[in-house]
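# Breakdown of the fold
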Amino acid sequence: MIEFLHTYGMLFLVGSWPNGPIGGFAGTLILAALGLAGAFPAALVIGVARTSGNAPLKWLSSAWVHTFRSIPLIMIVFWAYFLLPVMIGFEVPPFSTALAAIIVYESAFLAEIVRAGIQSVPAGQVEAARAVGLGYFQTLWSVQLPQALSNMIPSLVNQFVSTIKATSIVYIIGVQEAAFSAQQINSIELTGALRTYLVLALFYFLLCALLSRLARRLELHLQNKRLGLAI
Amino acid sequence: MIQFEGVNKWYKRYHALNNICGEVRAGEVLVVCGPSGSGKSTMIRTINKLEEIQSGTIRVEGQSICGEKVDINRLRAKIGFVFQQFNLFPHLSVKDNIALSPVKVGGMARNEAYALAEELLHKVGLGDKLDAMPANLSGGQQQRVAIARALAQKPTLLLFDEPTSALDPEMVGEVLNVMKSLAAEGMTMVCVTHEMNFAREVADRVWFMDRGEILEDAPPAEFFSRPRHERARKFLADIIH
């Protein structure tokens, strides 16, 4: 195992970098981080639009959610990879294609979490906010979202973890990331596939466990703050 | 201060407010009572447009609050509203609950708003709870914070929607005392309440509502001793046991 890691450690960690694009675990981290950084703000906007009284906004956001959560991620990846260049007339690098597909796909799921979170805030909270003279966006920002987001943490973490793991399928269009590295190693080694993919699985497990841990701490902190126990 | 002119409201086919006409003068304390489902909460909530009406006119300080042109947030900013369920913001400390409107709506500096919060908390007898979280307060304390929050808007009018109905009996007094002192200062108040002693002592006038109508509009002495309407007599008999 040690010799295996010695030989392939760098390929696992950073892919073919510095002789090629950065990949491996680092590639996955970058893809997942950018994916979430793009999908979450988009989901906030879409989720809020889903709860708004504005009919066109509501229709558009609902259409977005229903469309993209009903299509497998891999279909979106393929469409973006094969169809987009035909439509816009030039090649898009695989990394950007994958990133865009992940953002589109995950934003649909996250938006539903945001919508449910906003609707879980008691109506009396909104009434109290409006009664002291706050407007729609002030109410959203100062009263609804702080409470909603803190209620949403468990579901958000669920979706974040799922996003991290979902990045693994984009190796299929040649994006350099952890699963791609494992695939490369496997084709060099030919034997010991179990070992190779065990290392890969362990990487995803540790990453997701770490995220879950951090989220749990944040959740506890917010809970304590409400109870006046946080320092 | 407030005028109702032929106000009607329906929920689907249910006639919730039926031709409400009446006036509340500046400095007056009006108590609204009636059986549950009589429309009293709906009525008080139309005054700051938490409920829309379908016909008629409501004027606050001489200006109609109906129609598209009304700046609803400016209207609400000068009307304090106290809810049955307090509705404090649980993620904000007591002082932030009180400072929210002055800062966000009134454009007050945060320090100044905190000073105002402290002053108002003293007024409602909670001077030591500035940094407490709502979850750590009793129901009576939460409702007094809610009153302080309403006062922070420097309202010309205070509306109370069953402010003591969600409280344990031993906490009703502390909230009523705050309300009495506000009445003594000359605040214009509309209170939906079942506290008949409060009505007797503090109210200038009592409205009795049933099935969306105002059946009695009288000074408390008259209302309690000589209720004119049969349903008011039955209500009083049921409530005072």
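Residues numbered from 1 in each chain as written. Chains lettered and ligands numbered in written order. Predicted model: local features only at pLDDT ≥ 70, side-chain atom pairs only at ≥ 80, totals over all residues. Heavy atoms only, no water.

### As for helix α5 (residues 94-120) of chain A
The end-to-end C-alpha separation of α5 of chain A is 39 Å, in line with the 39 Å expected for 27 residues at 1.5 Å each. The largest bend in α5 of chain A comes to about 30 degrees, at Ser 107 of chain A. (Helix = DSSP H or I, 4+ residues; strand = E, 2+ residues; numbered from the N terminus. Expected span 1.5 Å × (residues − 1). Bend = angle between axes of the 7 residues up to and from the residue.)

### Brief notes about the pattern of salt bridges
Throughout the structure, instances matching the rule amount to 24 salt bridges over all chains. For the salt bridge of Arg 45 of chain B with Glu 51 of chain B, the shortest nitrogen-to-oxygen distance reads 3.2 Å. For the pair Arg 45 of chain B and Glu 51 of chain B, a shared accessibility class is recorded, and that class is buried. As a salt-bridge pair, Arg 233 of chain B and Glu 230 of chain B come within 3.4 Å of each other at their nearest N and O atoms. Placement of both Arg 233 of chain B and Glu 230 of chain B in helix α9 (residues 230-239) is noted, with a separation of three residues, approximately one turn of the helix. Via salt bridges that share partners, Arg 50, Arg 69, Glu 112 and Arg 115 of chain A belong to a single interconnected network. (Salt bridge = Lys/Arg side-chain N within 4 Å of Asp/Glu carboxyl O. Buried < 20%, exposed > 50% of the residue type's maximum accessible area, 1.4 Å probe, protein only.)

### Remarks on the interface of chain B and chain A
Tallying the contact residues gives 23 residues for chain B and 20 residues for chain A. Counting across the interface, chain B meets chain A through one salt bridge. Its salt-bridge partner being Glu 127 of chain A, residue Arg 45 of chain B comes within 2.6 Å of it at the nearest N-O pair. Of all the secondary structure elements, the ones that give two or more residues to the side of chain B that touches chain A are α2 (72-77), β6 (79-82) and α3 (94-104) of chain B. (Contact = heavy atoms within 4.5 Å.)

### Things to note about the sheet that holds strand β3 (residues 29-33) of chain B
All names here are of chain B. Taken in spatial order, the six strands of this open sheet run β6-β7-β8-β3-β9-β10, and their pairing is mixed. On the outer flanks of this sheet lie β6 and β10 (213-218), each paired with one strand and no other. Adjacent strand axes in the sheet meet at a mean angle of 15 degrees when their direction is disregarded. As paired strands, β3 and strand β8 (residues 188-192) are joined by four bridges and run parallel to one another. Along β8, the bridge assignment pairs Val 31 with Cys 191. Along the sheet, helix α5 (residues 139-151) makes contact with β6 and β7 (157-161), crossing β6 at roughly 170 degrees. Contacts from α9 reach β3, β9 (205-210) and β10 within the one sheet, and its direction differs from that of β9 by about 100 degrees. (Pairing = 2+ DSSP bridges. Axes fitted to C-alpha atoms, helices over the stretch in contact; angles between N-to-C directions.)

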